[in-house]
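Below are the chains, spelled out letter by letter.
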Amino acid sequence: ITDDIVGDFDRRAAGLSIGYVKNETRYASNLEFRREKSSDQNREDNRRTWLWRNNYSHLVDPNWRYLGRLNLSYSEASQGAFYDGNFVEWVNGFAYRPVANDKLNTLFKYTYFYDLPSAGQLSAAGSIANYAQRSHVFSADGAYDLLPWLTLGAKYAYRRGELRENRNSGSWFESTSRLGIVRADIHIVRKWDVALEGRILEVESVRDRRSGALATIYRHVGSNMKAGVGFNFTDYSDDLTDLSFDSDGWFINIVGKL
């Protein structure tokens, strides 16, 4: 990209993808390397970034499936360590769906999350993401088909984490939160569903408690997918590593199943 005002930008990237499937085991991996160069009238900046994405699943027995994910990013800037950016997301989960009772679906998950955004990186809200985060998140999610037209569900999540405002220096301070959700999925007519949620979020460090609701209407597309439009009446996400509090408003959601 060449621009007389903001300067020039050049990116070279190479990627490699592999996949493995055997019996009840599935693995997919993507490795990418980027080399970026930007310059204006005053300075020249260079950045090297490695990205590695991994997904793994294995059917332990007919009732239990293990789900794993590992995402890593390492970004080094020529201007010094202050401008580096690193990211780690490590997920371990077990899904339980008993063969003798296909009305029940549960998911237990642990996530380790570390995020050091590069200087000047913007959050989803458009603000500068100038803090580092490291968190441990435990969650349990379940749903039960109570009636042919009604599914009831609930989720509980707990995050024990730390934040640091000065990126590469300064002290970490504790940030703990809890999330509770109750949910009802209602099958209205042949191809239409409605999902209603009630949510409560507690942020322990600032003694903040927020509650609200979320509503979505879905239309089935074929036998393995449904697409929906919804509105979030709260300002927080069900992902406890998202600290932006800008999740209110309209959204689109697509659900697929095997």
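Refer to the structure presented above.
Calculation notes
Residue positions are given per chain, counting from 1 as you read along its sequence in written order. Confidence filtering applies because this is a predicted model: local features only for residues at pLDDT of at least 70, side-chain atom pairs given and counted only at 80 or more, and all residues used for totals across whole chains, interfaces and linings. The side-chain values count all of the structure's non-hydrogen atoms but skip hydrogen atoms and water molecules. Only the six-membered ring of Trp is used, alongside the rings of Phe and Tyr, when aromatic pairs are assigned; centres must lie within 6.5 Å, and planes under 30 degrees apart are stacked while those over 60 apart are edge-to-face, with the rest tilted. Under the scheme used here, helices are H or I runs from DSSP no shorter than 4 residues and strands are E runs no shorter than 2 residues, and both carry numbers assigned from the N terminus. When a residue's accessible area, from a 1.4 Å probe over protein chains only, is under 20% of the maximum for its type it is buried; when over 50% it is exposed; and in between it is partly exposed. Either the NZ atom of lysine or the CZ atom of arginine qualifies as a charge over a ring when it sits within 6 Å of the ring centre and within 35 degrees of the ring normal. Definition of nonpolar core: a set of buried residues of the types Ala, Val, Leu, Ile, Met, Phe, Trp, Tyr and Cys, connected through side-chain atoms within 4.5 Å. Only heavy atoms matter for contacts: two residues are in contact if any of them lie within 4.5 Å across the pair. Here a polar contact is taken to be a pair of N or O atoms separated by no more than 3.5 Å, where protein atoms must pair a possible hydrogen donor with a possible acceptor and residues adjacent in sequence count only if both atoms sit in side chains.

### Considering the packing of aromatic side chains
Summed over the entire model, instances satisfying the criterion amount to 11 aromatic pairs. With centroids separated by 5.1 Å and ring planes inclined at 80°, the aromatic side chains of Phe 231 and Trp 250 adopt a geometry described as edge-to-face. Here Trp 250 lies in strand β14 (residues 249-256) and Phe 231 lies in strand β13 (residues 225-232), a separation of 19 residues in the sequence. Take Trp 250: its relative accessible area is 69%, and that puts it in the exposed class. Through successive ring pairs, a cluster of aromatic residues spans Tyr 56, Trp 64, Tyr 66, Phe 94, Tyr 96 and Phe 108. Seen from the ring of Trp 172, Arg 134 lies directly overhead, with NZ or CZ sitting 4.0 Å from the centre.

### A short note on the nonpolar core
Among the nonpolar cores identified, the biggest contains seven residues, and these are Ala 157, Leu 179, Ile 181, Leu 201, Val 203, Tyr 236 and Leu 240. Residue assignment for this core shows that the elements contributing at least two residues are β10 (173-189) and β11 (192-203). In this view, Leu 179 contacts Lys 155, Tyr 156, Ala 157, Ile 200, Leu 201, Tyr 236, Ser 237, Asp 238 and Leu 240; residues no more than four positions away in its chain are not counted.

### Some words on the side chain of Glu 89
Position of Glu 89 relative to the elements: it lies in strand β6 (residues 85-96). For Glu 89, a relative accessible area of 17% gives the class buried. Separated by 3.3 Å, the side chains of Glu 89 and Arg 69 make a polar contact. With residues up to four places along the chain from it excluded, the contact list for Glu 89 reads Arg 69, Leu 70, Asn 71, Thr 111, Tyr 112 and Phe 113.

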